[in-house]
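So you can see what is in the structure, the chains are spelled out below.
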Amino acid sequence: MTRLPESEHPNKAFGWAARDTSGVLSPFKFSRRATGEKDVAFKVLYCGICHSDLHMVKNEWGISLYPLVPGHEIVGEVTEVGNKVQKFKVGDRVGVGYLVGSCGSCDSCKDDLENYCPKTILTSGAKYHDGSITYGGYSDTMVADEQFIVRIPENLPLDAAAPLLCAGITVYSPLKYYGLDKPGLHIGVVGLGGLGHVAVKFAKAMGVKVTVISTSLAKKKEALENLGADSFLVSRDNDQLQGARGTLDGIIDTVSAHHPLLPLIGLLKSNGKLVFVGAPEKPLELPVFALLQGRKVVGGSMTGGLKETQEMIDFAAKHNVKPDIEVVAMEYVNTAMERLLKADVKYRFVIDIGNTLKATS
């Protein structure tokens, strides 16, 4: 095992944590587990802020364990590797996404779909195999089994790579699985936020024609000129929707708010697919008869397995797919959370851990 001086050993950690359901974050000293034989330890340089971090710090899903250090879009540089680690070495650029563990033996795990394992271990606020609480990337160091580590290509900036570990794989996976990645196809992307803008970029890089569907006409210029979408529909404009009926091979729906599905289903061609990656708090009404008329399919997708996440990162590096980000200091995190709640970000916050966390300690 390659070791560091004791004073820099990665099991001594510092970050920001929520102590209760108020969700307010403040400085927090804690310990990471010692680097095991199959573990990779790395210095955290950047960590993205995801909307699910808001849910976790306030325990809105009922699964959070406190103190909770959020963050599952974590990138940095390897500082130590266990003696059985084969894929990484000290100095490598790496990342960790939404999960850090799974059972390793179920059908999903065997199919490289660890994200669908019933015993998936989340990167923050969950219990690890040894009973310890997992702490996320709003911290100076990270330790994870090499199976759950992703290599970041040299030509992909680390700050831009961070959101890809959640937002990127969340939209890349359904595009691939549902066959919506074929050049010449025409897809719709509902919602132009953190997920939606990345979906547009990946689809365009795959050679797919993209129509952005939004409630806000104000986003039309952004969609067409800055993100490269081919067309734009206002979802509340019945004339526009009627004119586009039956034109889409598939739709990636990124919206987490309650919204009607019948207009979206109407935009699909026969055999078209409506795929959800957003998670509305209240159930949506599904107009089944509209599905029958055209053999249309409704599906869902949640993040991705580690093999596919590496594939996604490599694709992003090759095709220069980078999310639009706003880099912030660690001490700005509570304000960033408040702004995120109001959708006041274009489009993902990324915390500059490497340069600003030390200043707050």
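The structure we're discussing is the one just above.
Residues numbered from 1 in each chain as written. Predicted model: local features only at pLDDT ≥ 70, side-chain atom pairs only at ≥ 80, totals over all residues. Heavy atoms only, no water.

S.K.: What is the right way to read the pattern of salt bridges from this model?
M.R.: It is possible for side chains of opposite charge to pair when their charged atoms get near one another. Tallied over the entire structure, the rule returns 15 salt bridges. Linking E311 and K176 is a salt bridge whose minimum nitrogen-to-oxygen distance equals 3.9 Å. Taken as a pair, E311 in helix α9 (residues 306-319) and K176 in helix α3 (residues 158-177) lie far apart in primary sequence, 135 residues in all. On the basis of relative accessible area, E311 is assigned to the partly exposed category, the value being 35%. Its salt-bridge partner being R339, residue D344 comes within 3.1 Å of it at the nearest N-O pair. Take D344: its relative accessible area is 40%, and that puts it in the partly exposed class. (Salt bridge = Lys/Arg side-chain N within 4 Å of Asp/Glu carboxyl O. Helix = DSSP H or I, 4+ residues; strand = E, 2+ residues; numbered from the N terminus. Buried < 20%, exposed > 50% of the residue type's maximum accessible area, 1.4 Å probe, protein only.)

S.K.: Just to check I follow, could you spell out the packing of α3 against helix α4 (residues 194-205) for this structure?
M.R.: Helices that pack against each other are described as a pair by the angle of their axes relative to one another and the distance between those axes. At a minimum axis separation of 9 Å, α3 and α4 run at an interaxial angle of 55 degrees. Viewed along their axes, α3 and α4 adopt a mutual orientation that is oblique. In this structure, α3 crosses over α4, and the sense of that crossing is right-handed. Residues L164, A167, G168, T170, V171, Y172 and L175 of α3 lie in contact with α4, whose contacting residues are G194, L195, V198, A199, F202 and A203. (Axes fitted to C-alpha atoms, helices over the stretch in contact; angles between N-to-C directions. Parallel < 35°, antiparallel > 145°, perpendicular 65-115°, else oblique. Left-handed = near helix turned anticlockwise from the far one by under 90°. Contact = heavy atoms within 4.5 Å.)

S.K.: I would appreciate a short explanation of the packing of aromatic side chains in the present structure.
M.R.: Aromatic ring pairs are reported here in terms of the distance separating the ring centres and the angle at which the planes meet. Under the counting rule described, the total for this entry stands at seven aromatic pairs. Residues Y172 and F315 carry aromatic rings whose centres are separated by 5.8 Å and whose planes lie at 55 degrees to one another, so their mutual orientation is tilted. Pair noted here: Y172 is in helix α3 and F315 is in helix α9, with a separation of 143 residues, a long-range link. Summarising the burial analysis for this pair, Y172 and F315 share the class buried. Ring geometry for Y177 versus Y178: centroids 4.9 Å apart, planes at 90 degrees, classification edge-to-face. Y178 sits in the buried class, given a relative accessible area of 14%. (Phe/Tyr/Trp six-rings, centres within 6.5 Å; stacked < 30°, edge-to-face > 60°.)

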